[in-house]
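Per-entry structural report
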Amino acid sequence: MDRECCWDREAIEQGDCPNVGVGEEDLLVSKRQRNLEKCCECPRFLNGLKQLHDDNNPLAPVLTSFLAEYRRQKTQIQSLVSFLDNKTLEIRFLHELGYVLQSSVDLDEVLSVALTAITAGKGFGMNRAFLLLCDREEGILKGYLGLGPRNMEEASQVWNEILQNDMDLQTLAQNFRLNKLSSERAKFHDVLEQLTVPLSNKDHILIKALDGKRPIMVEGAFQHPDVPPELARLLGVDTFLSMPLISRNRRVGMIIADNCITHRTITEEDMHSLETFGFPVAFAIERASLYDKLQIELNRVTEAGKKLKEQQELIVRMENMALVGRITSSIAHSVRNPLMIIGGFARSMLKNSTESDPRRTFIESIVAETRQLEGVLDEILNYSDSLYPTRDFWDVNQLVENALRDTADSMTSLGYSTCYTPDGDLPAVYIDFKQLSYCLRTVLQNDINGISEDLSISIRSQKGENCVILRIEDCSRLISQAELDHLLVPFSETHDLGAGLGLALCKTMLDKQGIPFVAQADVHSGIRYTITLPTRKEEQS
Amino acid sequence: MSRLLVVDDEANIRLLYAEELKDEGYEVVTAASSAEAAEKLQGGVFDLAVLDIKLKNESGIELLQKLVKERHEMPVILCSAFSCYKDDFSAWLADGYVVKSGDLTELKQEIARVLAKKAQKIKAGL
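What comes next is a walk through the structure.

1. What about the sheet that holds strand β10 (residues 456-464) of chain A?
All names here are of chain A.
- Across the sheet, five strands lie side by side as β8-β10-β11-β13-β12; this open sheet has mixed pairing. Bordering the open sheet on either side are β8 (417-421) and β12 (517-522), each of which pairs with just one other strand. Going across the sheet, the axis of each strand differs from the next one's by a mean of 15 degrees, ignoring polarity.
- Inspection of the sheet shows β8 paired to β10 by five bridges, in the parallel sense. When the bridges of β10 are listed, Thr 421 appears paired with Arg 460.

2. Remarks on the pairing of strand β6 (residues 76-80) of chain B
Residues and elements named next belong to chain B.
- For β6, the tally of buried residues reaches five of five residues, placing the bulk of the element in the interior.
- Covered by surrounding structure in β6 are Val 76, Leu 78 and Ser 80 together with Ile 77 and Cys 79, the residues of both alternating faces.
- Note: strand β3 (residues 48-51) against β6, three bridges, orientation parallel. Residue Leu 51 lies in a different strand from β6, and its bridge partner there is Leu 78.
- In this sheet, strand β7 (residues 96-99) lies alongside β6 in parallel orientation, the contact comprising four bridges. Each residue of the ladder has a partner; that of Ser 80, found in β7, is Val 99.

3. A closer look at the interface of chain B and chain A
- Contacts between the two partners involve 18 residues from chain B, matched on the other side by 24 residues from chain A.
- Looking at the side of chain B that touches chain A residue by residue, the classes come out as six nonpolar, five polar and seven charged.

4. A word on the sheet that holds strand β5 (residues 240-247) of chain A
All names here are of chain A.
- Across the sheet, six strands lie side by side as β3-β2-β1-β6-β5-β4; this open sheet has antiparallel pairing. Bordering the open sheet on either side are β3 (196-198) and β4 (216-218), each of which pairs with just one other strand. In this sheet, adjacent strand axes meet at a mean angle of 20 degrees when their direction is disregarded.
- Bridging between β4 and β5 involves three bridges; their strand directions are antiparallel. Opposite Val 218, over in β5, you have Phe 240 as the bridge partner.
- Running over the sheet, helix α9 (residues 205-212) touches β2 (140-147), β3, β4, β5 and β6 (250-258) and is turned about 40 degrees from β5.

Each value, and the rule that gives it
Residues numbered from 1 in each chain as written. Chains lettered and ligands numbered in written order. Predicted model: local features only at pLDDT ≥ 70, side-chain atom pairs only at ≥ 80, totals over all residues. Pairing = 2+ DSSP bridges. Helix = DSSP H or I, 4+ residues; strand = E, 2+ residues; numbered from the N terminus. Axes fitted to C-alpha atoms, helices over the stretch in contact; angles between N-to-C directions. Buried ≥ 20, exposed ≤ 12 C-beta atoms within 10 Å, placed from the backbone. Contact = placed C-beta atoms within 7 Å. Nonpolar A, V, L, I, M, F, W, Y, C, P; charged D, E, K, R; others polar.

Take a look at the structure:
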C-alpha cells in the first residue's frame, strides 16, 4: 500500500490530497467522507489496491468488488439525482405554466404562453411550433399561429437575445404577445394558410393524432404513409411531433413541434412532457375561446341594453312629442278657429261700415288684436314643431324650388326678384323637410326693415364634403350684425310674441337638427345666410 | 259665376266663408261633414272645393283623396288651422293650401289663382 497516500489518516492538510479542492475543506477532517467521495476515484488509492492484489492479500478481490459495486451505485444515484433535478425543473416549469395559463382568459395570451413554452430553452426547447385550432362550424383543423426561427441566422439572433435578457417564461410570453405575435403570424402566414385539414380526413396523420387523443412522433415524414407529401414539404422536416389538444374529450386543436434548425432528436421523454403540458393548454385555449364568445355575447347584450335604453328614451320623447303634438293641436283648433271667426267677422263688419260709423274704431281694434293673436299662435305652433324634427333624405332642389314657389306671389307683390342657381349632381340631404321649408320661406319673407333699392334675393347650392351648402344673399335688407344677432335669439327680453320670431325660430330648428346656420349682415350689402345641410346621418349631432 | 263647395265642421266658419266668398262673386254651398259634402256633390257640379283638414271625427285628407280620385277635374284647396300639413305628403294632392286666418285675403287669392289655372287648362284642352 502506498503509505504516502492519505486514505488512512484521520485528518489531512490542504494539498495532501490532490482530489480535495477549495470549498471541500470539511473533507480534510472527515476520513469516512473523504474515503467515500474521493478515494475510490483516486489513482494513488487504486495503486494501493493494486499493490494489495500483487501482495496476494485475500481482501484485495473483495475490496475491488465492493469498490466496483460502490462506483456503479454512485453513478446510478447521480443519474437518478440528475433525473430528479430535471423532473423538479419540469414540475416547476409546469407549475409556472399552469399558473400563467390559469390566470389568463385572453386567447392570444394563452397561445403565446403555449408556443413560447414549447420553443423556449427554459421550456421544452423545441425549435419551432405551430398551433392549429379546430373550427367545428367549418369542420376543419386550421393553422392559427406559428413560432420559431425560419433559418439558422434568425435562430442564433433570437436565442442570443433570450440568453442575454434572461427572462422567465411569463415575461417571454408577454414579450412575444406584445412585440412578436403579429410579425410571427405574418412570417408564417403562408405555412398557416396551407395547414388546413378537414376533420373528416381520417387518414391524415394530424387527424389520426387528434382522433386517437394521443401524440404521434412522426419519423421519416417524407415516406410516411399517413403524412401527405405536401405537409412534409411544407414543414421541411423528416421528424416532427403532432400533439393533439383535447379538453373534456373535445378536440380543441393540435400542436406541431419540430427541431428544424438543430435537428436534435425528439425523445420519448420530450413527447411525454409535451403530452402532460397539452392538457392545461387545451383547457386554457378552450376556456379563452369560450371567454371570447362570452365577451361577444356580453357585448351584444350590452349593445342591446344600450339600444333598449335609447328606445326607452325615444319612447319617452315620443310620448312628450305626442303630448306636445296633442296640446298644440288642441291650441290650433281651439284657439285659431274662434280667432278666425272673430277676426273674419270683424273685418267683414269693417268692410261694410262707413267711415263715420262710431263703432269703426272698436272694430279696427278687434281686427288688430286678432291679427296679433294669430301671430302669437303661429309662433307657438312653429316653435313646438321645431322641438321634434323628423329627418329623412330629401332633394335640395325640390326644397328650394318649393320654398320659392310658395313665396312667389307675396314676393312678386312686394317687387322682389328671386333666383336659384343649383350645383350639378347634388346628393340627397338628411333634413326635416317641413322645418327646412319653413326656414327658407322665413328667410325669404322675413320682416326685417331697412329695404334697399335692390330687391333681389339669390340662392345658390354647392356640393361640399358630406354636405350641401345653401347660400342665400338678400340684398334688400340692410341691417347691422348686432341687430341681426339680436333677431336670432328666440324669446329674448326685447322680443314680444307675435313680433317676428321667424329668424330666431329658424335658428332654433336648425340647431335642433345640428345644421350649421350662419347669418352675416352688412348695412351696405344686405344679409348673407349660409346653411350647411348634411348628406349623411352621422354628420348631425 | 264659379260654384264653390266649402266643407268645415264649424258653423260660424261656414257662415263667414259663405258671406265673404259671396261678396267676391262666387256661389257658395257649404257642408259640415264628408257625408254632407258627398250629398251636395251628388246634387250638382262645383268648380272648386275648400276643405278643412280636421272635420270633427273625420279626416279632411281622406275626403281630399276621395275627391281627387272621383272628381279629379274639381280643384281642392285645403284650409286648416294646422300650418304643419303644408309640407306634408298627404296634403300635396291639393291644388292649394291656406292656413286659417281672420284675414281671408290669402284664401281669396288662392281661390282666384286655382280657378284661373283651371280655366287655362280647360282652354288648353288638357
